[in-house]
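Structure at a glance
So you can see what is in the structure, the chains are spelled out below.
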Amino acid sequence: MPTVVQLQIGRALTVRAAADLFLDTLGNTNTVRSYGIAVGKTAERVGEGRPLASVEDGEIGEALELLWGPSAVNTWNARRGAVLSWTSWCAERGYDGPTVPAWVKRMAVPESHTPVHSKTAIDRLIARGDVHLREKTLWRMLYETCARSEEVLDVNVEDLDLAGRRCPVKAKGTQSKGRRAGQTREDFVLEWVYWDAGTALLLPLLLKDRTRGPVFVTHRRPGPGKVVSPRDVCPDTGLARLSYGQARPLLDGHTAVQGPGTGWDLHEYRHSGLTHLGEAGASLRMLMAKSRHKQMENVRRYVKPSPEAIAEDTGLLQPATPGAEGCSAHPGAVAAP
């Protein structure tokens, strides 16, 4: 018969017990891993066996500074946010304990340095004769949908609405609607992505007579020792879903000019598409809808107008008429006071 262990409560709760209780409430595996690093190392730093109530706010702040003060901005914000979630969770449940002090601030996220490729460069690459139809379709779809590469690679033929030029994707960070064993993909919250004429022209050529299974598949069947989910195999051809790890070097191989690893990245299609939409006058609200970001500052990182676009828009500031601003027709004339 299993032993029942009564959890510590109130002021008797130790730092380690509080950390374990908090981490056990997290459902997403990636979140557990990330938060486990932040909360676990912070707990070790302040003393795992101490009563949680004996830890001061300043000790939490000092631990964060010592552990991740020199780290990159995104790492610092992630670790700080995880520890803040932990201490807030403890406070909400009545556990006496510290919080993240006010002087331990969230840092501003730096501007994105993801390259933006011109529409001409993208069109020229996709039109090349040595690029396979599968890659042409994938790259065009990534550019026109502005979706994440993992989202597009996860799409199946039966998900496509070819007439409406759209399909649902399981977006980044979405949680399942239910938590039961054997849940299917349809249990997740899905979001729609939309494409235009370029993708609409290529998709039927790529699919041919296929009506189910992954849209993007490998050219060879998986080996006998490889275990693949039924959803990730085309039932008609036996070909497996093309993975991100396989798709990325294909793009790099066609764009690298200084050796392997120096070419384009799949994410750059999303970044370029959003930037081009912004330069064309799309509103911030429309860009958020297209990218499906939840926070406005995240969209601003993707929208960086080119110098050419800035120069062109500067023309909007010119005087409405040649005689405006109180100037006469003579170049050397001075307006009367």
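Rules of the game
- Residues numbered from 1 in each chain as written.
- Predicted model: local features only at pLDDT ≥ 70, side-chain atom pairs only at ≥ 80, totals over all residues.
- Heavy atoms only, no water.
- Helix = DSSP H or I, 4+ residues; strand = E, 2+ residues; numbered from the N terminus.
- Buried < 20%, exposed > 50% of the residue type's maximum accessible area, 1.4 Å probe, protein only.
- Contact = heavy atoms within 4.5 Å.
- Phe/Tyr/Trp six-rings, centres within 6.5 Å; stacked < 30°, edge-to-face > 60°.
- Lys NZ or Arg CZ within 6 Å of the ring centre and 35° of its normal.
- Salt bridge = Lys/Arg side-chain N within 4 Å of Asp/Glu carboxyl O.
- Core = buried A, V, L, I, M, F, W, Y, C linked by side-chain atoms within 4.5 Å.
- Axes fitted to C-alpha atoms, helices over the stretch in contact; angles between N-to-C directions.
- Parallel < 35°, antiparallel > 145°, perpendicular 65-115°, else oblique.
- Left-handed = near helix turned anticlockwise from the far one by under 90°.
- Nonpolar A, V, L, I, M, F, W, Y, C, P; charged D, E, K, R; others polar.

The next subject is the overall build of the chain. Each helix and strand counted, the chain has 13 helices and two strands in total. Within the span of the chain, comprising 337 residues, buried residues form 36% of the whole. A sequence separation of at least 24 residues applies to 62% of the contacts in the chain between residues at least 6 apart.

A word on the packing of aromatic side chains. The relation between two aromatic rings is expressed through the spacing of the ring centres and the mutual angle of the planes. For the structure on display, the rule yields five aromatic pairs. Judged by centre distance (6.3 Å) and plane angle (20 degrees), the ring pair of Trp-139 and Tyr-269 falls under stacked. Pair noted here: Trp-139 is in helix α6 (residues 133-145) and Tyr-269 is in helix α10 (residues 267-279), with a separation of 130 residues, a long-range link. These aromatic residues form a ring-pair network of at least three members: Phe-22, Tyr-35, Trp-89 and Tyr-95. Positioned above the aromatic ring of Trp-192, the side-chain terminus of Arg-166 is 3.8 Å from the ring centre.

A word on unusual backbone geometry. A positive phi angle is found at Cys-146, which is not glycine, with a value near 55 degrees. On the secondary structure map, Cys-146 appears in the loop between α6 and α7 (149-153).

Let us look at the pattern of salt bridges. For the structure on display, the rule yields 19 salt bridges. Ionic pairing is found between Arg-128 and Asp-130, a salt bridge with its closest N-O pair at 2.8 Å. Through salt bridges with shared partners, a single network forms among Arg-148, Glu-151, Glu-191, Arg-292 and Lys-294.

Let us look at the nonpolar core. Core analysis: the largest hydrophobic core is formed by 30 residues, its most contacted members being Leu-138, Trp-139, Leu-160, Cys-167, Val-215, Phe-216 and Tyr-269. Elements with a minimum of two residues in this core: α5 (119-127), α6, α7, β1 (166-170), α8 (197-207) and α9 (244-255). Considering each element in turn, this core owes the most residues, five residues, to α6. Those residues in contact with Leu-160 that lie beyond four places of it in its chain are Met-141, Val-155, Arg-166, Cys-167, Trp-195, Leu-203, Leu-207 and Val-215. In this structure, Leu-21, Ala-43, Trp-86 and Trp-89 belong to the second largest nonpolar core, which totals 26 residues.

Their axes nearest at 11 Å, the elements α5 and α10 cross at an angle of 135 degrees. Between α5 and α10, the interaxial angle falls into the category oblique. Helix-helix and strand crossings are classified by hand; for α5 and α10 the assignment is left-handed. Between α5 and α10, the residues in contact are Lys-119, Ile-122 and Leu-125 and Tyr-269, Ser-272 and His-276, respectively. Each residue belonging to the contact of α5 with α10 can be placed in one class, and the counts come to three nonpolar, two polar and one charged.

Next up on the list: helix α1 (residues 15-24). Listing the buried residues of α1 in full gives Val-15, Ala-18, Ala-19, Leu-21, Phe-22 and Leu-23. Its buried side turned inward, α1 meets α2 (29-46) and α4 (73-92).

Read these as layout, nothing more, since geometry by itself doesn't imply function.
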